[in-house]
Amino acid sequence: MESSLVLFGMFASLIVLMLSGAGLAFVLGAIAFLATATLWGPSALIVTVLNTFETMTSEALMAIPLYVLMAAILQKSRIIDDLYTAMETWFGGVSGGLAIGTVVICTIMAAMTGVVGAAVAAMGILALPSMLSRGYHPPLALGAICAGGTLGILIPPSVVTIVYAITAQISIGQMFIAGIIPGLVLAVGYCSYIWVRVALNPKLAPKPVDETTIPLSQKVASLRHLALPALVILSVLGSIYAGIATPTEAAAVGVLGALLSAIFSGRLELSSLNAAATDTLRVTAMILWITLGAKAFISVFVATGGADSVLSFVESLDSSRYVVLLAMLLVLIFLGLFLDEIGIILLCVPVFVPIIKTLGFDPLWFGVLFMVTAQMAYITPPFGYTLFYLKGVLPDGIGIGQVYRGVIPFFLIQVVVLILFVAFPEIVTWLPEQAAARLK
């Protein structure tokens, strides 16, 4: 049986089964299982077993459940509620301030948790009713929440970044550091858009008319709510940047910091810990099942010559290397309409990274571009994940159509920022280079 026919059958089956609503992990595993048994016989399945064992004993993967547990503890202990209270105190009286403050809180949450769903759900519950009650234009409020929530993909500690780094076989710590400046650039871009938009049309976010001015002393006092989150962020990122801990060890430090934060806030309850542990188990199991299925699928793809064929095709092209890069980014954005970012990483990175190296690009830089496309996929209608996260907490009278309209400007901002990072790679690579030089 020709390898091209096998590859076509594998990807055709993948598309058909995904459209049927079947789980990605089990679709990938089933296709790989049948293809292996068909091509090389049942005895060849021992390779799948060995790959599974190698994956499950990877020390780098230990960071995933730890970071997820850290995020779950912070969410269940309602420390995020305190952050929103402080933000509302400072920004509540400013035109468009609640939307800008929502992006700021999402940025802080991204550095605390690295989990997109936590930020979107929390801001949907806390910030959305407050903005709507003050007359904010619903699409603007909804777009700010969706776009701000996606910052957890790029700003460390990001679970998605860990999966990319492991798959691309590059330093997790370097990937974490590389995501800091790009994540802040996106956050500033979102806030700038909101500020300019409201300045041009104040009706989109009217200033409160009868609200009393909050004294400066009260605003300063509200900053105490930032102390615990700041300690968590510094303990995780500071230990990595200073070379004290590996990203996996820093994840354990983050869990300890989250537990201490819950204790100091007086909200450490057994029921909350139980709920956090359950959420961690569910999310980690999902990620690892997808990892196993994707590794089996990619193993068959490589063994049948698929990766070599793609590399040979790229090397034979006369087009500019930036045209090839553009084609890969468009493929990633397109796949984001149907697959989650973990699945896209495990399917595409083993094929794309060798091409990136062949073209002379930095895999670390490409990783950040990859994360930006993942953010774009998260808010792209009709299947963006943040759209569905937010849909579950929408109040009566707010439809999904308004969510779609709200995210379009932020999607365009992501496109502009992606082009900026392609044109000026130094924005991405400067901080990792400084960190590497410091550790020498």
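Residues numbered from 1 in each chain as written. Predicted model: local features only at pLDDT ≥ 70, side-chain atom pairs only at ≥ 80, totals over all residues. Heavy atoms only, no water.

1. A word on the pattern of salt bridges
How we decide: For this document, the term salt bridge refers to a Lys or Arg side-chain nitrogen within 4 Å of an Asp or Glu carboxyl oxygen. Numbering goes from the N terminus for both helices and strands, where a helix is a DSSP run of H or I of at least four residues and a strand is a run of E of at least two. Exposed residues in this analysis have more than 50% of their type's maximum accessible area, buried residues have under 20%, and partly exposed residues fall in between, with area computed by a 1.4 Å probe over protein chains only.
On inspection of all chains with the given rule, the structure shows two salt bridges. Salt-bridge contacts for Asp 279 lead to Lys 76; the nearest nitrogen and oxygen are separated by 3.2 Å. Of this pair, Asp 279 sits in helix H14 (residues 270–303) while Lys 76 sits in helix H4 (residues 63–76), and the two are 203 residues apart along the sequence. Relative accessible area serves as the criterion here: at 27%, Lys 76 is assigned to the partly exposed category. A salt bridge links Arg 282 to Asp 279, with the shortest nitrogen-to-oxygen separation between them at 3.1 Å. Taken together, the residues Arg 282 and Asp 279, both in helix H14 and three residues apart, mark about one turn of the helix. Given the relative accessible area of 18%, Asp 279 is considered buried. Bridged by salt links that share partners, the residues Lys 76, Asp 279 and Arg 282 form one connected network.

2. Structural notes on helix H12 (residues 227–241)
What sets the pattern is the α-helix's 3.6 residues per turn: residues three or four places apart point alike. Selection rule: The span you would expect from a helix comes to 1.5 Å times its residue count less one.
Compared with the 21 Å implied by 1.5 Å per residue over 15 residues, the 20 Å span of H12 between its first and last C-alpha is a close match. Along H12, the residues classified as buried are Pro 229, Val 232, Ile 233, Val 236, Ser 239 and Ile 240. Where H12 ends, the next residue or the one after it, Gly 243, has phi of about 80°, a positive value.

3. What to know about the packing of aromatic side chains
Stated precisely, the cut-off is as follows: In summary, the pairing rule links any two rings of Phe, Tyr or Trp, Trp by its six-membered ring, whose centres are within 6.5 Å, and it sorts them by plane angle into stacked for under 30 degrees, edge-to-face for over 60 and tilted for everything else.
This model, assessed by the stated rule, comprises six aromatic pairs. With 5.6 Å between their ring centres and 70° between their planes, Tyr 190 and Phe 410 make a pair best called edge-to-face. Of this pair, Tyr 190 sits in helix H10 (residues 172–200) while Phe 410 sits in helix H20 (residues 400–423), and the two are 220 residues apart along the sequence. Each member of the pair, Tyr 190 as well as Phe 410, is classed as buried. Judged by centre distance (5.1 Å) and plane angle (40°), the rings of Phe 361 and Trp 365 are tilted. This pair shows no difference in class: Phe 361 is buried, exactly as Trp 365 is.

4. Observations regarding the nonpolar core
Rules: The criterion is simple. A nonpolar core is a set of buried Ala, Val, Leu, Ile, Met, Phe, Trp, Tyr and Cys residues joined through side-chain atoms within 4.5 Å.
Counting residues in hydrophobic clusters, the biggest one holds 135 residues, and the most contacted among them are Tyr 67, Tyr 164 and Ile 194. In terms of residues, this core owes the most to one element, helix H17 (residues 341–358), which gives 12 residues.

5. Overview of the confidence of the model for the protein chain
Filter applied, for reference: A residue's pLDDT is simply how confident the predictor is in it, with values from 0 to 100.
Mean pLDDT for the protein chain: 80, with 87% of residues reaching 70 or above. The element-level mean pLDDT for the protein chain is lowest in helix H15 (residues 306–316), coming to 63, with H10 highest at 92.

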